[in-house]
Amino acid sequence: MSYRIERIEVEGFRGFRKRKELKLGENLVIVSGPQRSGKSSLLNAPVWALVGSEAEKKELGPVPIRERVRWIARNLETDSTRVKILFRGSQGEELVVGRSDPKGKVTVERDGREIKKGPLEVLGLTLDGLVSSVFLPQEVIRAALSLEPKKRQAIFIQLAGLENLSTLEGCLENARKILEDKEKKIAELRKHVDGRIGGQVSLQKRRVKELWEKVLGLGLSEEVLSPDGARPLVEQSLKGLADFCSKYGEKMPSIPEVRGPEDLPQFVNEMRGILFRLEAESPETRRQRDLYDRKRKIEALISDLEELEEKKQKINASKEEILKPHGKEEELKMAIQELEKTLEGLDREIERGGKYLKMVEEALSYFETLPQGLAQMECPVCRKAKVSVAHVREHLASEIEKAGLEPLRNQRQEIEKTLKGKKAAQEALIHLAEQEKKLEAMSKELLEKASELRGREIAPNESLGLVLKNMAQATEKGLEELKGIIEARGRAIQGVRAQLEKLGLVVELHREKKRLAELDEIPQTPQYKAFIETEDKIHMQIALLKELLKGLEQEKMEAFRQRFADLKDEVNDLYRRLLGREDFSEVWIDEKDWEVKTRAGDRQPTVIQVFNVGDMTAVALALFLASAMRANHQAGFVLLDDPIQSLDEEHERRLAEILADLAQKRQVIVSCSRSSFVEALEDAGTVKRQVIRLAPWDESRTCRLQGEERED
Amino acid sequence: MKVALAASKEKKGRTDKVKPSVLEEIGRFRKEKGESYAGKFLQRLLALTFIKAGFDVEAEHSVEGPDLLVGRFQIEVKTTTSEPFTIEKKDARDIRQAIKKGKTPVLALLECSSFRGWTLVSAEGLSEGSFSRKDLALRRISELERKINDHFDDVVEAWMPNLERAPESAFEEMDAKRRMGQWHP
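Residues numbered from 1 in each chain as written. Chains lettered and ligands numbered in written order. Predicted model: local features only at pLDDT ≥ 70, side-chain atom pairs only at ≥ 80, totals over all residues.

K.L.:
Any chance you could explain the overall build of chain A here in plain terms?
P.N.:
What chain A contains, in helices and strands, is 17 helices and 15 strands. Residues classed as buried in chain A amount to 28% of the 712 residues present. Restricting to contacts in chain A with at least 6 residues of sequence separation, those with at least 24 account for 73%. (Helix = DSSP H or I, 4+ residues; strand = E, 2+ residues; numbered from the N terminus. Buried ≥ 20, exposed ≤ 12 C-beta atoms within 10 Å, placed from the backbone. Contact = placed C-beta atoms within 7 Å.)

If you want it as structure tokens, here you go:
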């Protein structure tokens, strides 16, 4: 099945601002028109419909196109672009590919039903395949011969129809890169883990070494680490303990049996506990503890007693100070009673004077109510005539005050002050008495405590201070006597402990060696093994991929040779028909450096070295057209955008003949601005042809057909 | 690649990797004595390991000729601190000669910073250059590797005290033992 282009619809695409629909009815379609008339826009429309934004990149497939940098599909005066291509299959099927922008929507319909396949996929094409055998833009024609080797190789591989092998190679290469990234990470992790384990091992070995030195320093031999090597040390420790118990009358404690090195830690721990208890719990130690307790209590009592005496002395001194101005306590009491009595008498006198004054006041108030004549009286005090009642009241009150009340009040004030002082002294004495009482209670309590500590009552005639002093001396003596006994016992325990500590060191050495052995086991753990296995697996996969890639490369080269051996005749047939040079008899692709070479006698130069631009165009066209004739995809059309660059009229005619032949097999859509080539195409071969003539670009700013009226 | 191996006399089933403490000792020995000096010892220890694993070591050369001849294997020994391993001109020549003589050329590789132990790979077709473990992954002779790594720790642990005390006489003694088909000091 192969598809040909039957209709092109464009709107807002490149030079076609307005909507345009073109029917392509024949096998040879010649698109002619002057510069800027829209020939390339028309040929690019099916390409854009098929590959979309890929057509706007600076590389079209493997070919870098300088002119494609920042290429814009949309007409600059429109907001959207729409292209629809109708392909007709060899059995009459209809395939419609539509693409629009800015929505970027692409639709593929087969016989009116939308299908979920990409447009290239439907035609059995890849992007690279499109560039190498379907669409030959003017910028690419010679570029294929002068690109850098890797790009040239890519183009020639496409020309050979081996893009699937290249894709596979790309996938494998990609997989290898991913695996190598993983491998790098795992290797780093492993190195880190190995480093950490190595560091721990070094540390542990140093610990073991230090312990060994200590063990050997104690006069022990390496044998202590053998299964039965520590037995003599166990026995020595047990014997020391038994001797001690026998000497000090202690009962021999029960100790777990040592059957092997694994029992040693428990044995050492038990023994340490026993020795601690023997040291802490002997009768002498207990007695010593009691005596220290007694000593502390006696010292506390002595301190309390001293404090009590001091307080008593302070109270007596205060009493003396208070009574100094008042005589004895009894005299103070009597003086207070006397003063209170005097104060009572004075209060009575003052009250009487007050009453008399009140009577005068009432009399004068009465006079005030009498008729006016009585107001013309003489003052009985100052003898002034015709004074008012108020005048008389004032003078009489003043005289009464002077006569007795004021001295009485002054006297009372004095007495009251004296009484207050004496009462304050009395209250201070009462407070001191209360304190004395408390001290007495404390003194009694102290006596009771001392009696209890002494074990018998302290008689009233005994001095508490002296008793406590004697008790302290006796305790001190007791402690002195115990010290020697306890020290001797401690030395005995220390002897046993020293034996045990040797064993403890051996136990520690055992433990550290065990830890070292555990570290040695880490590489054997399932986790570490899994880690290494993963790394090995990745190594294996990478190596396999490398082998595969190597094989694929060989396969690709072999296939390429095979394919170009098949194509070589066709390429050279086209080359001779197009160029007709006798001096350079043939061309071929040398896969060592991916150069296109030619033969000149014994010499094999590259075409770039010896050909002019026109000849190189002819070689590139020969390669492309040979490939297009052989292509096995379903795109039954070839798009040639202005292929005659640098070809003269004779070569134009030759190319026209070749294209007319090619159009017998495939639909050929070719654009050109030169009339001589259009005429050559119109005359060449017998194939049916269609000429689309485009009008020159004008103020309407949209491409259109010649003779078509401007819409504006 | 199919490799027929001599049967191992002992079966321990413990290790197929080097103990970290053994590796630490090797590392210390290399640091103290220098890489190439220590390399000779490691080669000799490997020869004894082959004996312990039940192989017959026909020859061991420290200067000229292949490093080890073990049955039909001709072994070139390479020890490094870490990857890659370098195959020099002389090694490549020995590999070619081994094939001519009908021997199987083998590279025995020890990366002294990894607990993987010895990596034994077929050297057939290898030419001079630097190789990482992943480059050689498809060439590994796993069964032989396991047999060697099973015994290497024991051999090192047995000889290391002697090597530390008097390396030169230990070196001679190791050779004497090898000639007698024994591995233990």
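That shown, we press on.
K.L.:
Got a minute to help me understand the overall build of chain B in this structure?
P.N.:
When its secondary structure is counted, chain B shows five helices and seven strands. Per-residue burial over chain B gives 46% buried out of 185 residues. By sequence separation, contacts in chain B at least 24 residues apart represent 67% of the contacts at least 6 residues apart.

K.L.:
Would you mind going over helix 5 (residues 167-180) of chain B with me for this structure?
P.N.:
Because each turn of an α-helix spans 3.6 residues, side chains separated by three or four positions end up pointing in the same direction. Compared with an ideal rise of 1.5 Å per residue, which puts 14 residues at 20 Å, helix 5 of chain B spans 20 Å between its outermost C-alpha atoms and is within 8% of the ideal. Of the residues trailing helix 5 of chain B, B:Gly181 is marked for its positive phi of about 75°. (Expected span 1.5 Å × (residues − 1).)

K.L.:
Sorry, what's going on with the sheet that holds strand 1 (residues 57-60) of chain B here?
P.N.:
All names here are of chain B. Read from one edge to the other, the open sheet built from five strands follows the order 1-2-3-5-6, with strand pairing classed as mixed. The open sheet has two edge strands, strand 1 and strand 6 (118-122), and neither has a second partner. Across this sheet, the average inter-strand angle for adjacent strands is 25°, counted without regard to direction. Contacts from helix 2 (residues 35-52) reach strand 1, strand 2 (68-70), strand 3 (73-80) and strand 5 (104-111) within the one sheet, and its direction differs from that of strand 1 by about 175°. (Pairing = 2+ DSSP bridges. Axes fitted to C-alpha atoms, helices over the stretch in contact; angles between N-to-C directions.)

K.L.:
Mind showing me how you'd approach the sheet that holds strand 1 (residues 3-11) of chain A here?
P.N.:
In sheet architecture, strand pairing relies on hydrogen bonds along the backbone and comes in two forms, parallel and antiparallel. All names here are of chain A. Spatially, six strands are ordered 2-1-6-7-8-9 in an open sheet, and the strand pairing comes out antiparallel. Either end of the sheet is taken by a strand with one partner, and the two such strands are strand 2 (20-23) and strand 9 (113-114). Sheet analysis places strand 6 (residues 81-89) next to strand 7 (residues 94-101), joined by eight bridges and oriented antiparallel. Across the sheet, residue Lys-84 finds its bridge partner in strand 7, namely Gly-98.

K.L.:
For this particular structure, what's the right way to read helix 4 (residues 142-165) of chain B?
P.N.:
With 24 residues, helix 4 of chain B ought to run about 34 Å at 1.5 Å a step, and its terminal C-alpha atoms sit 35 Å apart, in line with that. Roughly 40° is the biggest bend found in helix 4 of chain B, and it falls at B:Trp159, with proline B:Pro161 one to four residues downstream. (Bend = angle between axes of the 7 residues up to and from the residue.)

K.L.:
Sorry, what's going on with the interface of chain B and chain A here?
P.N.:
Interface size, as often reported, equals the accessible area lost upon joining of the parts. At the junction of the two partners, chain B supplies 15 residues and chain A supplies 20 residues. By residue class, the composition of the side of chain B that touches chain A is four nonpolar, four polar and seven charged. (Nonpolar A, V, L, I, M, F, W, Y, C, P; charged D, E, K, R; others polar.)

K.L.:
In this structure, what is going on with the pairing of strand 1 of chain A? I would like to understand it.
P.N.:
Strand residues, when the strand is regular, have side chains that alternate between the two faces of the sheet. All names here are of chain A. Relative to strand 6, strand 1 is paired through eight bridges, and the arrangement is antiparallel. When the sheet's bridge partners are listed, Ile-8 is paired in strand 6 with Ile-85. One ladder, built from four bridges, connects strand 1 with strand 2; its direction is antiparallel. Counterpart to Ile-8 in the pairing with strand 2 is Leu-22.

K.L.:
Which parts of the structure should I look at to understand unusual backbone geometry?
P.N.:
For residues besides glycine, phi is generally negative; the peptide bonds are generally trans as well. Across the junction of A:Asp101 and A:Pro102, the peptide omega takes the value 10°, indicating a cis bond. Structurally, A:Pro102 is set in the loop between strand 7 and strand 8 (105-110). With an omega of 0°, the peptide bond between B:Glu83 and B:Pro84 qualifies as cis. Inspection of the secondary structure assignment puts B:Pro84 in the loop between strand 3 and strand 4 (85-87). At A:Arg36, a position not held by glycine, the phi torsion is positive, near 70°. Mapped onto the secondary structure, A:Arg36 falls in the loop between strand 3 (28-32) and helix 1 (39-51). In this structure A:Arg36 comes out as partly exposed when scored by C-beta crowding, with 15 C-beta atoms within 10 Å. At A:Arg701, a residue that is not glycine, the phi angle is positive and equals roughly 50°.

K.L.:
Could you clarify how one ought to interpret the packing of helix 2 of chain B against helix 5 of chain B in this entry?
P.N.:
The relative placement of two packed helices is expressed as an angle between their axes plus a distance between the axes. Residue and element names in this part refer to chain B. Contact pair helix 2 / helix 5: the axes reach a minimum separation of 10 Å and the direction vectors enclose 25°. Here helix 2 lies roughly parallel to helix 5, going by the angle between them. For the element pair helix 2 and helix 5, the recorded crossing hand is left-handed. Residues Phe-41, Arg-44, Ala-47, Leu-48 and Ile-51 of helix 2 form the contact with helix 5, whose own contacting residues are Phe-171, Met-174, Asp-175, Lys-177 and Arg-178. (Parallel < 35°, antiparallel > 145°, perpendicular 65-115°, else oblique. Left-handed = near helix turned anticlockwise from the far one by under 90°.)

K.L.:
How should I be thinking about the nonpolar core in this particular structure?
P.N.:
As a rule of thumb, nonpolar side chains are buried together in soluble globular proteins. Of all hydrophobic cores here, the largest spans 95 residues; its most connected members are A:Val619, A:Ala622, A:Leu659 and A:Ile669. It is helix 15 (residues 613-630) of chain A that provides the largest number of residues to this core, a total of eleven residues. Setting aside chain neighbours within four positions, we find A:Ala622 in contact with A:Val571, A:Leu574, A:Tyr575 and A:Leu578. Residues B:Ile87, B:Trp118, B:Leu144 and B:Met174 belong to the second largest nonpolar core, which totals 55 residues. (Core = buried A, V, L, I, M, F, W, Y, C linked by C-beta atoms within 7 Å.)

K.L.:
I would appreciate a short explanation of the confidence of the model for chain B in the present structure.
P.N.:
Do not read the predicted coordinates in detail wherever pLDDT is low. Residue and element names in this part refer to chain B. Averaged over all residues, the pLDDT of chain B equals 87, while 91% of them reach at least 70. Low confidence marks residues 1-14, where pLDDT is under 50. Its contacts with residues over four positions away, or in another chain, come to 16 contacts. At the level of chain-chain contacts, confidence expressed as ipTM amounts to 0.86, with global pTM at 0.61. (pLDDT = per-residue confidence, 0-100.)

K.L.:
How should I be thinking about the packing of helix 1 (residues 20-33) of chain B against helix 4 of chain B in this particular structure?
P.N.:
Residues and elements named next belong to chain B. Orientation of helix 1 relative to helix 4, taken along the N-to-C sense of each, is 40°, at an axis distance of 10 Å. When the interaxial angle is binned, helix 1 and helix 4 end up oblique. Here the hand of the crossing between helix 1 and helix 4 comes out left-handed. Only Asp-153, Val-156, Glu-157, Met-160 and Leu-163 of helix 4 make contact with helix 1, whose side of the interface consists of Val-22, Glu-25, Ile-26 and Phe-29.

K.L.:
Looking at this structure, I do not really get the environment of A:Ala160. What am I missing?
P.N.:
All names here are of chain A. With respect to the helices and strands, Ala-160 occurs in the loop between helix 5 (149-159) and helix 6 (163-217). The sequence separation of Ala-160 and Leu-567 amounts to 407 residues, and the corresponding C-alpha distance is 8.2 Å. Setting aside chain neighbours within four positions, we find Ala-160 in contact with Phe-560, Arg-563 and Phe-564.

K.L.:
I would appreciate a short explanation of the environment of B:Leu69 in the present structure.
P.N.:
Residue and element names in this part refer to chain B. Structurally, Leu-69 is set in strand 2. The exposure class assigned to Leu-69 is buried, which follows from the 20 C-beta atoms found within 10 Å. Separated by eleven residues in the primary sequence, Leu-69 and Glu-58 place their C-alpha atoms 5.4 Å from one another. Ignoring anything within four residues of it in the chain, the contact list for Leu-69 reads Glu-58, Ala-59 and Gln-74.

K.L.:
Looking at this model, I keep getting lost on the environment of A:Leu127. Mind explaining?
P.N.:
Inspection of the secondary structure puts A:Leu127 in helix 3 (residues 127-133). As for A:Leu127 and A:Glu54, which are separated by 73 residues in sequence, their C-alpha atoms are 8.5 Å apart.

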